[in-house]
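Okay, here's what each chain looks like letter by letter:
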Amino acid sequence: MEIYNKLFKQLNPEDLLLTGNKRLIPFLHKAYVQYQQTQKKPVWSTLKLFTVTHWLETLWEKQFIEQTGFCLRLLNKSQECLIWKTIIQQSAYSFLDTAHTARNAQQAWQLLQQAQLDYQTTHFKQSNETETWQAWATHFVSFCQSHNTIDLSSALNHLILLFSERILKPPPRIFLIGFNEINPQYKKLLKILEEQHCEICHYMPAYSNTKRQRLCLSDKETEYHSMALWSYQCWQQGKKNIACVIPNLVEQRTHLLNIFTEVFTELAPNDRHALPFNMAAGHPLIEFDLIQTAMQILGLQDINSFTQINPLLRSPYLGGSQQEQTARAHMDITLRCSAENRLSLDQLLRFSRQQACPLLNDLITQLIPLVKKYPPHFLAKPSFWSEYFAKKLNALAWPGERLLISSEFQLLERWSKLLTELAGLDFILGDISHAQALQQLQELMANTLFQSKTLHEPPIQILGLLDSAGIYFDAVWVMGLDDRTWPAVATPNPFIPYLLQRTHQIPYASSEREYYFASLLMKRLID
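Residues numbered from 1 in each chain as written. Predicted model: local features only at pLDDT ≥ 70, side-chain atom pairs only at ≥ 80, totals over all residues. Heavy atoms only, no water.

A.B. asks: Help me get a handle on the sheet that holds strand β13 (residues 460–463), residues and values and all.
C.D. replies: Two modes of strand pairing occur in sheets, parallel and antiparallel, and in both the strands are linked by backbone hydrogen bonds. Across the sheet, four strands lie side by side as β8-β13-β7-β14; this open sheet has parallel pairing. Strands at the two margins of the open sheet, each flanked by one partner only, are β8 (277–279) and β14 (475–478). Within this sheet the neighbouring strands show an average axis-to-axis angle of 15°, counted without direction. Inspection of the sheet shows β8 paired to β13 by three bridges, in the parallel sense. Bridging from a neighbouring strand, Asn278 pairs with Gln461 of β13. Its contacts with the sheet put helix α10 (residues 249–267) on β7 (242–245), β8 and β13, and the angle it makes with β8 is roughly 165°. (Pairing = 2+ DSSP bridges. Helix = DSSP H or I, 4+ residues; strand = E, 2+ residues; numbered from the N terminus. Axes fitted to C-alpha atoms, helices over the stretch in contact; angles between N-to-C directions. Contact = heavy atoms within 4.5 Å.)

A.B. asks: Got a sec to walk through the packing of helix α17 (residues 406–423) against helix α19 (residues 434–446)? Specific residues and values, please.
C.D. replies: In contact at an axis separation of 10 Å, α17 and α19 are set at 125° when each is read in the N-to-C sense. One element, α17, and the other, α19, form an angle in the oblique class. Of the two possible hands of crossing, α17 and α19 adopt the one that is right-handed. Residues Trp415, Leu418, Leu419, Glu421 and Leu422 of α17 touch α19, and the partners they reach there are Ala437, Gln440, Leu441, Leu444 and Met445. Among the residues forming the contact of α17 with α19, the class breakdown is eight nonpolar, one polar and one charged. (Parallel < 35°, antiparallel > 145°, perpendicular 65-115°, else oblique. Left-handed = near helix turned anticlockwise from the far one by under 90°. Nonpolar A, V, L, I, M, F, W, Y, C, P; charged D, E, K, R; others polar.)

A.B. asks: So what's going on with the pairing of β14? Residues and values would help.
C.D. replies: Each regular strand shows side chains that alternate between the opposite faces of the sheet. Burial along β14 is one-sided: the face carrying Ala475 and Trp477 is buried and the face carrying Val476 and Val478 is not. The pairing of β7 with β14 spans four bridges and is classified as parallel. Within the sheet, the bridge partner assigned to Ile242 lies in β14 and is Ala475. (Buried < 20%, exposed > 50% of the residue type's maximum accessible area, 1.4 Å probe, protein only.)

A.B. asks: A description of the pattern of salt bridges should follow, citing residues and the corresponding values.
C.D. replies: This model, assessed by the stated rule, comprises 15 salt bridges. Across the pair Glu66 and Lys62 runs a salt bridge, and its minimum N-O distance is 3.1 Å. With Glu66 and Lys62 both in helix α3 (residues 52–66) and four residues apart, the pair spans about one turn of that helix. Judged by relative accessible area, Glu66 falls into the partly exposed class, the value being 48%. Lys62 sits in the partly exposed class, given a relative accessible area of 44%. (Salt bridge = Lys/Arg side-chain N within 4 Å of Asp/Glu carboxyl O.)

A.B. asks: Outline the layout of surface pockets, listing residues and values.
C.D. replies: The space that makes up the second largest pocket amounts to roughly 1400 Å³. Mapped by element, the contributors of at least two residues to the lining of the second largest pocket are α9 (220–236), β14 and α21 (511–526). Tallying contributions element by element places α9 first for the lining of the second largest pocket, with five residues. Considered class by class, the residues forming the lining of the second largest pocket number 18 nonpolar, eight polar and 11 charged. (1 Å grid on protein atoms, 1.4 Å probe; cavity = no way out; pocket = protein on both sides within 12 Å on 5 of 7 lines; lining within 4 Å. Points joined across faces, edges and corners; volume = space filled by probe spheres on them.)

A.B. asks: Would you mind going over the environment of Gln79 in detail, with residue names and values included?
C.D. replies: Along the polypeptide, Gln79 turns up in helix α4 (residues 77–89). Taking relative accessible area as the criterion, Gln79 reaches 10% and is therefore assigned buried. On a C-alpha basis, the gap between Gln79 and Leu425 in space is 6.6 Å, while along the polypeptide they are 346 residues apart.

A.B. asks: Provide a residue-level description of the side chain of Gln134, including the pertinent values.
C.D. replies: Checked against the element boundaries, Gln134 lands in helix α6 (residues 128–146). Owing to a relative accessible area of 7%, Gln134 belongs among the buried residues under this scheme. Of the polar contacts made by the side chain of Gln134, one reaches the side chain of Lys125; its length is 3.0 Å. In contact with Gln134, not counting residues within four places along its chain, are Tyr119, Gln120, Thr121, Phe124 and Lys125. (Polar contact = N/O pair within 3.5 Å; in protein donor to acceptor, adjacent residues only side chain to side chain.)

A.B. asks: Explain the nonpolar core to me, and be specific about the residues and the numbers.
C.D. replies: Counting 80 residues, the largest nonpolar core has Trp84, Trp133, Phe389, Trp415 and Leu441 as the members making the most contacts within it. Discounting residues that sit within four places of it in the chain, Phe389 has contacts with Leu298, Leu419, Leu422, His434, Ala437, Leu438 and Leu441. Counting 55 residues, the second largest nonpolar core, distinct from the first, contains Ile3, Tyr32, Tyr224 and Ala268. (Core = buried A, V, L, I, M, F, W, Y, C linked by side-chain atoms within 4.5 Å.)

A.B. asks: Give me the lowdown on a positive patch on the surface, citing residues and values where you can.
C.D. replies: Taken together, the side chains of Lys22, Lys77, Lys417 and Lys453 define a basic patch exposed on the protein surface. Along the chain, the position of Lys453 falls in the loop between β12 (449–450) and β13. (Patch = residues over 30% accessible without salt bridge, like charges linked within 9 Å, V, L, I, M, F, W, Y side chains within 5 Å. Areas by Shrake-Rupley, 256 points an atom, 1.4 Å probe, with all protein chains shown as cover. Lys, Arg positive; Asp, Glu negative; His and termini not counted. Charge placed at Lys NZ, Arg CZ, Asp CG, Glu CD.)

A.B. asks: Before we move on, can you summarise the sheet that holds strand β6 (residues 199–203) with the specific residues and values?
C.D. replies: Here we have four strands laid out as an open sheet, ordered β2-β1-β5-β6, and parallel in their pairing. Each edge of the open sheet is held by one strand with a lone partner, namely β2 (49–51) and β6. Taken pair by pair, the neighbouring strands of this sheet meet at an average axis angle of 25°, ignoring direction. Two strands pair when backbone bridges link them, and strand β5 (residues 173–177) and β6 are joined in this way by five bridges, in the parallel orientation. The partner of Ile177 across the bridge, within β6, is Tyr203. Contacts from α3 reach β1 (16–19), β2 and β5, with the element oriented near 100° to β2.

A.B. asks: Explain the packing of helix α11 (residues 289–298) against α17 residue by residue, including any values.
C.D. replies: To describe two helices that pack against each other, one gives the angle between their axes and the distance between the axes. At a closest axis distance of 10 Å, the pairing of α11 and α17 adopts a crossing angle of 45°. Relative to α17, the element α11 lies oblique. On α17, the residues touching Leu290, Ile291, Ala294, Met295 and Leu298 of α11 are Glu408, Leu411, Leu412 and Trp415.

A.B. asks: Mind laying out unusual backbone geometry, listing which residues take part and the relevant values?
C.D. replies: Between Trp398 and the following residue, Pro399, the backbone shows a cis peptide bond with an omega angle of 10°. One can find Pro399 in the loop between α16 (382–395) and α17. Cis peptide bonds are those with omega within 30 degrees of zero, and the linkage from Trp486 to Pro487 qualifies with 0°. Inspection of the secondary structure puts Pro487 in the loop between β14 and α20 (498–503). Here Ala356, not a glycine, exhibits a phi torsion of approximately 55°, which is positive. Position of Ala356 relative to the elements: it lies in the loop between α14 (345–354) and α15 (358–373).

A.B. asks: Run through the state of the cysteines, naming residues and quoting values.
C.D. replies: The term disulfide refers to a covalent linkage connecting the sulfur atoms of a pair of cysteines. The full count for this structure, using the stated rule, is zero disulfides. Take Cys216: it sits in no disulfide, and the sulfur closest to it among the cysteines is that of Cys244, at 18 Å. A relative accessible area of 68% means that Cys216 is categorised as exposed. Free of any disulfide, Cys244 has its nearest neighbouring cysteine sulfur in Cys234, separated by 8.1 Å. For Cys244, a relative accessible area of 0% corresponds to the buried category. (Disulfide = S-S within 2.5 Å.)

What follows is the structure, encoded as structure tokens:
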């Protein structure tokens, strides 16, 4: 933690700290508090610390609220991707995976903005793919203009103009921390800020000399177990900041979690405390039981299959589940033995009455009018369906009456944001059916990873390569540095001319570019 004391010592209250690494923010706040405590200060000013993206979004929203005539609303990632998807669906081409194509199209737009390249040049006439994307991009710009919206990559170009015209005033000094590299768009912003007499400081903490060791293992599975054993030994030795850094962490998350849990449980079977490790990659939102129950409720129609009804009878997230646990279990058994494959809500209501489940009976009674109120062909805006979904969940008293744990409260908060995101799609989707709204909610969930926050960070952090930038560790294991994994395989964007990508060293474009970026990361990790 002391590696940032030199920075904290020279900070002024007006100074701004920017990082490209979201995980670095809680680390810096904790280090700052410890530094101030060692200085015996009873009170101190709060750090002005943000990711670059958050700072830019805050600047834009401030302008949107305060300046008359500043009418462009900032798109969130979901809205931006959906606009691309809608444009692609309306084009003359059909794709097996429109969502994947939309993500590639969106990435192409962002990469060109970051490289400060014009999408309207003749370079894009070289192939059918790039020319088609150019037409999509023209429609994207036209759609945003007609709806007074703007994506973040384009908004940054506007903010650069506002700084250059002195409409926006920069802070006196900005410290950049934990950046692996700075793209041309950010460089242009920083140059403009310096011209406005803002001092830009690239802060690199000084690490003490470290002992390095290279270990050759037979296969990946052996390395997983060896890394888990090593982290356990470091923890037993009293080290408080231990990192396991893994390329492609998201793909390996579940398997890694199982191995670490198995190793730590086996080595410390009598330890009743929480496991001392945390994994940076989150789980898809739909994998959590609380959210699965919500989606099962929202999927209920007047007539439902037994496979839709059965999980709800056994769910702890339905109202009255604790008081009627035994009665609902008996009802479940009865339905399995006697009911048909499909059940109407009215039939379910009668069964709940017969099986002595009065609380469930009351809930179904509240639900039936809501379900029957709108026929399948009824169309409405996503914001209407968002409110309707909330009422439907409330009718069955979701998430139940039992006391929720911290992670479940955080899931509820994330779910609420998801419904808000759905409500924000009115200007893109227009009037849609209940089934279409539910499908859109599922797509939003598919792109949402969730990881619960804890009050105290455990000593062992399992991180991706980019997550570790700027953070100090007592011990680090970097795994998977074999010729098939590192440097990463080049994945040039299919909608940007390849020669343009190579010439301007656009990220992911070539093996040379990936080698260069891998060298930057390794230099940061081992120097």
